[in-house]
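As a plain string of letters, each chain reads:
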Amino acid sequence: MNPPQVLIVMGSDSDLPVMGEAAKVLTEFDVPFEMRISSAHRSPRRTGLLASEAEDRGVKVVIAGAGMAAHLAGVVAAETTLPVIGVPIGGGALNGVDALYSTVQMPGGIPVATMAIGRAGAKNAAILAVQILALADVSLAAKLKSYRAQMAQEVDEKDKQLNAGNAC
(Lines give C-alpha, C1' and ligand atoms only; values in the text may rest on other atoms or scores of the structure.)
Protein backbone atom coordinates (compact mmCIF):
# COMPACT_ATOMS: atom_id res chain seq x y z
CA MET A 1 0.00 0.00 0.00
CA ASN A 2 1.32 3.45 -0.95
CA PRO A 3 1.83 6.03 1.78
CA PRO A 4 -0.80 8.77 1.81
CA GLN A 5 0.04 11.85 -0.26
CA VAL A 6 -2.91 13.81 1.13
CA LEU A 7 -4.11 14.04 4.71
CA ILE A 8 -7.77 14.91 5.11
CA VAL A 9 -8.42 16.00 8.68
CA MET A 10 -11.73 17.12 10.12
CA GLY A 11 -12.74 18.42 13.51
CA SER A 12 -15.61 16.01 14.06
CA ASP A 13 -17.28 12.98 12.55
CA SER A 14 -20.22 15.27 11.74
CA ASP A 15 -17.92 16.83 9.09
CA LEU A 16 -17.59 13.52 7.22
CA PRO A 17 -20.49 14.05 4.77
CA VAL A 18 -18.77 17.21 3.51
CA MET A 19 -15.17 16.00 3.65
CA GLY A 20 -16.19 12.77 1.94
CA GLU A 21 -16.41 14.84 -1.25
CA ALA A 22 -12.65 15.39 -1.09
CA ALA A 23 -12.12 11.67 -0.60
CA LYS A 24 -14.24 10.89 -3.68
CA VAL A 25 -12.12 13.17 -5.87
CA LEU A 26 -8.83 11.79 -4.57
CA THR A 27 -10.11 8.26 -5.14
CA GLU A 28 -11.09 9.19 -8.70
CA PHE A 29 -7.52 10.39 -9.33
CA ASP A 30 -5.96 7.37 -7.56
CA VAL A 31 -4.23 9.63 -5.04
CA PRO A 32 -3.52 7.81 -1.78
CA PHE A 33 -4.89 9.63 1.25
CA GLU A 34 -5.81 9.18 4.86
CA MET A 35 -8.75 10.66 6.74
CA ARG A 36 -8.49 11.58 10.41
CA ILE A 37 -10.60 13.29 13.06
CA SER A 38 -8.79 15.72 15.32
CA SER A 39 -10.10 18.87 16.93
CA ALA A 40 -8.10 22.07 17.21
CA HIS A 41 -9.93 22.80 20.46
CA ARG A 42 -10.78 19.44 22.01
CA SER A 43 -7.53 17.64 21.10
CA PRO A 44 -4.92 20.32 20.33
CA ARG A 45 -1.88 18.15 21.13
CA ARG A 46 -3.16 15.35 18.90
CA THR A 47 -3.83 17.85 16.11
CA GLY A 48 -0.34 19.33 16.42
CA LEU A 49 1.30 15.90 16.26
CA LEU A 50 -0.84 14.81 13.33
CA ALA A 51 0.26 17.92 11.41
CA SER A 52 3.92 17.92 12.44
CA GLU A 53 4.39 14.22 11.62
CA ALA A 54 2.47 14.26 8.32
CA GLU A 55 5.47 14.94 6.09
CA ASP A 56 7.40 12.03 7.65
CA ARG A 57 4.50 9.74 6.65
CA GLY A 58 4.76 10.86 2.99
CA VAL A 59 1.96 13.43 3.06
CA LYS A 60 2.49 16.29 0.61
CA VAL A 61 -0.75 18.28 1.05
CA VAL A 62 -3.20 18.64 3.94
CA ILE A 63 -6.91 19.34 3.57
CA ALA A 64 -8.48 20.49 6.84
CA GLY A 65 -12.22 20.95 7.26
CA ALA A 66 -14.09 22.29 10.24
CA GLY A 67 -17.14 24.31 11.13
CA MET A 68 -17.99 27.07 13.56
CA ALA A 69 -14.78 28.57 15.01
CA ALA A 70 -12.85 26.47 12.44
CA HIS A 71 -9.30 26.99 13.68
CA LEU A 72 -8.32 23.50 12.55
CA ALA A 73 -6.69 24.52 9.25
CA GLY A 74 -4.76 27.30 11.00
CA VAL A 75 -3.53 25.04 13.78
CA VAL A 76 -2.43 22.48 11.18
CA ALA A 77 -0.69 25.17 9.10
CA ALA A 78 1.14 26.40 12.19
CA GLU A 79 2.57 22.91 12.76
CA THR A 80 3.76 22.06 9.22
CA THR A 81 5.32 23.63 6.17
CA LEU A 82 3.18 21.47 3.87
CA PRO A 83 0.48 23.24 1.84
CA VAL A 84 -2.75 23.38 3.84
CA ILE A 85 -6.12 23.77 2.16
CA GLY A 86 -8.98 24.80 4.44
CA VAL A 87 -12.60 23.83 3.96
CA PRO A 88 -15.11 25.82 6.01
CA ILE A 89 -18.10 23.67 6.91
CA GLY A 90 -21.60 25.11 7.22
CA GLY A 91 -23.69 24.87 10.34
CA GLY A 92 -24.11 26.68 13.58
CA ALA A 93 -25.80 30.02 14.02
CA LEU A 94 -23.90 31.65 11.13
CA ASN A 95 -24.29 28.82 8.59
CA GLY A 96 -20.56 28.52 7.92
CA VAL A 97 -19.72 32.20 7.52
CA ASP A 98 -17.89 32.09 10.85
CA ALA A 99 -15.93 29.06 9.63
CA LEU A 100 -15.09 30.87 6.40
CA TYR A 101 -13.77 33.93 8.23
CA SER A 102 -11.78 31.80 10.69
CA THR A 103 -10.19 29.86 7.85
CA VAL A 104 -9.45 32.71 5.48
CA GLN A 105 -8.19 35.26 8.04
CA MET A 106 -4.76 33.79 8.77
CA PRO A 107 -1.90 35.98 9.96
CA GLY A 108 0.86 36.74 7.46
CA GLY A 109 3.40 33.94 7.30
CA ILE A 110 1.01 31.04 8.03
CA PRO A 111 -0.99 30.59 4.82
CA VAL A 112 -4.11 28.49 4.40
CA ALA A 113 -5.63 28.21 0.93
CA THR A 114 -9.33 28.62 1.67
CA MET A 115 -12.11 27.04 -0.36
CA ALA A 116 -15.85 27.68 -0.47
CA ILE A 117 -18.13 26.61 2.36
CA GLY A 118 -19.33 23.01 2.21
CA ARG A 119 -19.27 20.21 -0.35
CA ALA A 120 -18.12 22.32 -3.30
CA GLY A 121 -15.25 23.58 -1.17
CA ALA A 122 -14.25 20.03 -0.21
CA LYS A 123 -14.34 18.94 -3.85
CA ASN A 124 -12.27 21.94 -4.93
CA ALA A 125 -9.82 21.33 -2.08
CA ALA A 126 -9.14 17.86 -3.44
CA ILE A 127 -8.78 19.17 -7.00
CA LEU A 128 -6.33 21.81 -5.77
CA ALA A 129 -4.39 19.09 -3.93
CA VAL A 130 -4.26 17.11 -7.19
CA GLN A 131 -3.03 20.20 -9.03
CA ILE A 132 -0.26 20.66 -6.46
CA LEU A 133 0.77 17.00 -6.69
CA ALA A 134 0.59 17.10 -10.50
CA LEU A 135 3.41 19.64 -10.58
CA ALA A 136 5.79 16.74 -9.89
CA ASP A 137 3.78 13.88 -11.45
CA VAL A 138 3.23 13.87 -15.23
CA SER A 139 0.78 10.97 -15.03
CA LEU A 140 -1.38 12.87 -12.55
CA ALA A 141 -1.12 16.01 -14.69
CA ALA A 142 -2.45 14.02 -17.66
CA LYS A 143 -5.36 12.73 -15.56
CA LEU A 144 -6.14 16.29 -14.52
CA LYS A 145 -6.18 17.48 -18.14
CA SER A 146 -8.46 14.59 -19.06
CA TYR A 147 -10.76 15.45 -16.14
CA ARG A 148 -11.05 19.04 -17.36
CA ALA A 149 -11.70 17.91 -20.94
CA GLN A 150 -14.43 15.55 -19.70
CA MET A 151 -16.12 18.41 -17.82
CA ALA A 152 -16.10 20.54 -20.97
CA GLN A 153 -17.50 17.65 -23.01
CA GLU A 154 -20.32 17.17 -20.51
CA VAL A 155 -21.27 20.86 -20.84
CA ASP A 156 -21.27 20.56 -24.64
CA GLU A 157 -23.50 17.46 -24.48
CA LYS A 158 -25.95 19.15 -22.10
CA ASP A 159 -26.09 22.18 -24.37
CA LYS A 160 -26.83 19.95 -27.38
CA GLN A 161 -29.59 18.16 -25.46
CA LEU A 162 -31.10 21.46 -24.40
CA ASN A 163 -31.13 22.80 -27.91
CA ALA A 164 -32.10 19.60 -29.76
CA GLY A 165 -35.19 20.45 -31.74
CA ASN A 166 -35.07 24.12 -30.75
CA ALA A 167 -33.45 25.31 -33.98
CA CYS A 168 -35.01 28.46 -35.37
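None of these values were measured; they are calculated from a predicted model.

A. Spatial organisation of the nonpolar core. Grouped together as the largest cluster of nonpolar side chains are 28 residues, with contacts concentrated most on Val6, Ile8, Met19, Phe29, Val31 and Ile63. Only strand 1 (6-10), helix 1 (16-28), strand 3 (61-67), strand 4 (84-89), helix 5 (119-134) and helix 6 (138-163) provide two or more residues apiece to this core. Looking at this core element by element, the count peaks at eight residues for helix 5. Here this core spans two domains, and each of domain 1 (6-136) and domain 2 (138-167) adds at least three residues to it.

B. Structural context of the UniProt feature "domain: PurE" (unreviewed entry) in the protein chain. Here the UniProt-annotated "domain: PurE" (unreviewed entry) positions come out as residues 4-155. What you have in residues 4-155 is 47% helix and 16% strand, and the ends, taken at the C-alpha atoms, are 33 Å apart.

C. Structural view of the UniProt feature "binding site: substrate" (unreviewed entry) in the protein chain. The UniProt record annotates "binding site: substrate" (unreviewed entry) at Ser12, Asp15 and Arg42. Checked against the lining of the largest pocket, the annotated residues reduce to Ser12, Asp15 and Arg42. In this structure, Ser12 sits in the loop between strand 1 and helix 1. Residues contacting Ser12, with those up to four places away along its chain left out, are Ile37 and Arg42.

D. Summary view of the pattern of salt bridges. Under the definition given, this model contains five salt bridges. Its salt-bridge partner being Glu34, residue Arg57 comes within 2.4 Å of it at the nearest N-O pair. Of this pair, Arg57 sits in the loop between helix 2 (44-52) and strand 3 while Glu34 sits in strand 2 (residues 33-37); the two residues are 23 residues apart in sequence, bridging distant segments of the chain. The class of Arg57 is partly exposed, set by a relative accessible area of 26%. Residue classification places Glu34 among the buried positions, given a relative accessible area of 18%. Several salt bridges converge on common partners, so that one network encompasses Glu21, Lys24 and Arg119.

What counts and what doesn't
Residues numbered from 1 in each chain as written. Predicted model: local features only at pLDDT ≥ 70, side-chain atom pairs only at ≥ 80, totals over all residues. Heavy atoms only, no water. Core = buried A, V, L, I, M, F, W, Y, C linked by side-chain atoms within 4.5 Å. Buried < 20%, exposed > 50% of the residue type's maximum accessible area, 1.4 Å probe, protein only. Helix = DSSP H or I, 4+ residues; strand = E, 2+ residues; numbered from the N terminus. Domains from an automatic or database assignment. UniProt positions renumbered as here; feature names shortened; annotations may be inferred. 1 Å grid on protein atoms, 1.4 Å probe; cavity = no way out; pocket = protein on both sides within 12 Å on 5 of 7 lines; lining within 4 Å. Contact = heavy atoms within 4.5 Å. Salt bridge = Lys/Arg side-chain N within 4 Å of Asp/Glu carboxyl O.

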